[in-house]
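Given next are the chains, with one letter for each unit.
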Amino acid sequence: IVCYGDSNTWGDVPNEERRYASNVRWPGVLQDILGNDYEVANEGLCGRTFKVIEPGKEHRSGIDHLRSILQTNEPTDLVTIMLGTNDLKNTFGLSADEIAQHLRETIEFIQNEKTGPNESAPQILIICPTPVATPINGDLDERMIGAHETSLKLPPLYKKVAEEFGCLYLNAGDFISLENTDGYHLAEKDHKALGEKVAEIVKQCSM
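Since we're looking at a predicted model, the values are computed, not measured.

A.B. asks: Would you mind going over empty space enclosed by the protein in detail, with residue names and values included?
C.D. replies: The final tally for this structure, using the stated rule, is one cavity of 30 Å³ or more. If you add up the space inside the largest cavity, you get close to 50 Å³. What lines the largest cavity is simply Asn8, Met82, Thr85, Pro129, Thr130, Ala172, Leu178, Tyr184 and Leu186. For the lining of the largest cavity, the class distribution of residues is six nonpolar, three polar and no charged.

Now the structure itself:
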């Protein structure tokens, strides 16, 4: 299982310059629940977008490095995709429809690479990120100003794309709220909740 994502997969601690321990990050929670019959690879990167490029940080454009990630972990039964939060930054000026289109292109890329068992395409679980929120203290990163409204439009778009490509779907916003963090990073309890939800889906999958 390859967990492909951004800082919320990597394990960035809100308002602190450190990373959660491996067993606290949701891919680690997933690994602990599933046990040794599964291998979970954490492929999270802080600042990663689907494909839009941030000048000076080109390595954060996910699709440009996705082939390497997929081939590193080949063969893969399942790829989880949880991206879109960084794409909401007002510095990029992307609409919800544009972000959903980038998700679509990412899925097509993964399916065409055929890095699943016996050169098949791996199953894909799309995780729509929790909407950006204004923290209780009101101190939201200026790059995220205006992101809340756009992020609310993503769940139905992501679900539609998932159905279009026959992917599994999970909306993290259904059970996680970010008002008690910095507004866009997961708290420790959120990692636990997400790991548990993904584990439920994996157990129901035919892999």
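A.B. asks: Give me the pattern of salt bridges: which residues, what numbers.
C.D. replies: Tallied over the entire structure, the rule returns nine salt bridges. Put simply, Asp141 and Arg143 hold a salt bridge, and the shortest N to O gap is 2.7 Å. Owing to a relative accessible area of 30%, Arg143 belongs among the partly exposed residues under this scheme. One salt-bridge network, in which partners are shared between bridges, spans Glu54, Lys57 and Arg60.

A.B. asks: Pulling in residues and values, what's your account of the state of the cysteines?
C.D. replies: Taken as a whole, this structure holds zero disulfides when the rule is applied. Distance from the sulfur of Cys205, which forms no disulfide, to the nearest cysteine sulfur (Cys167) is 11 Å. When its relative accessible area of 16% is taken as the criterion, Cys205 is described as buried.

A.B. asks: Please provide a residue-by-residue account of the packing of aromatic side chains, values included.
C.D. replies: Considering all chains together, one arrives at one aromatic pair under this definition. The ring centre of Phe175 lies 5.4 Å from the NZ or CZ of Lys197, which sits over that ring.

Parameters at a glance
- Residues numbered from 1 in each chain as written.
- Predicted model: local features only at pLDDT ≥ 70, side-chain atom pairs only at ≥ 80, totals over all residues.
- Heavy atoms only, no water.
- 1 Å grid on protein atoms, 1.4 Å probe; cavity = no way out; pocket = protein on both sides within 12 Å on 5 of 7 lines; lining within 4 Å.
- Points joined across faces, edges and corners; volume = space filled by probe spheres on them.
- Nonpolar A, V, L, I, M, F, W, Y, C, P; charged D, E, K, R; others polar.
- Salt bridge = Lys/Arg side-chain N within 4 Å of Asp/Glu carboxyl O.
- Buried < 20%, exposed > 50% of the residue type's maximum accessible area, 1.4 Å probe, protein only.
- Disulfide = S-S within 2.5 Å.
- Phe/Tyr/Trp six-rings, centres within 6.5 Å; stacked < 30°, edge-to-face > 60°.
- Lys NZ or Arg CZ within 6 Å of the ring centre and 35° of its normal.

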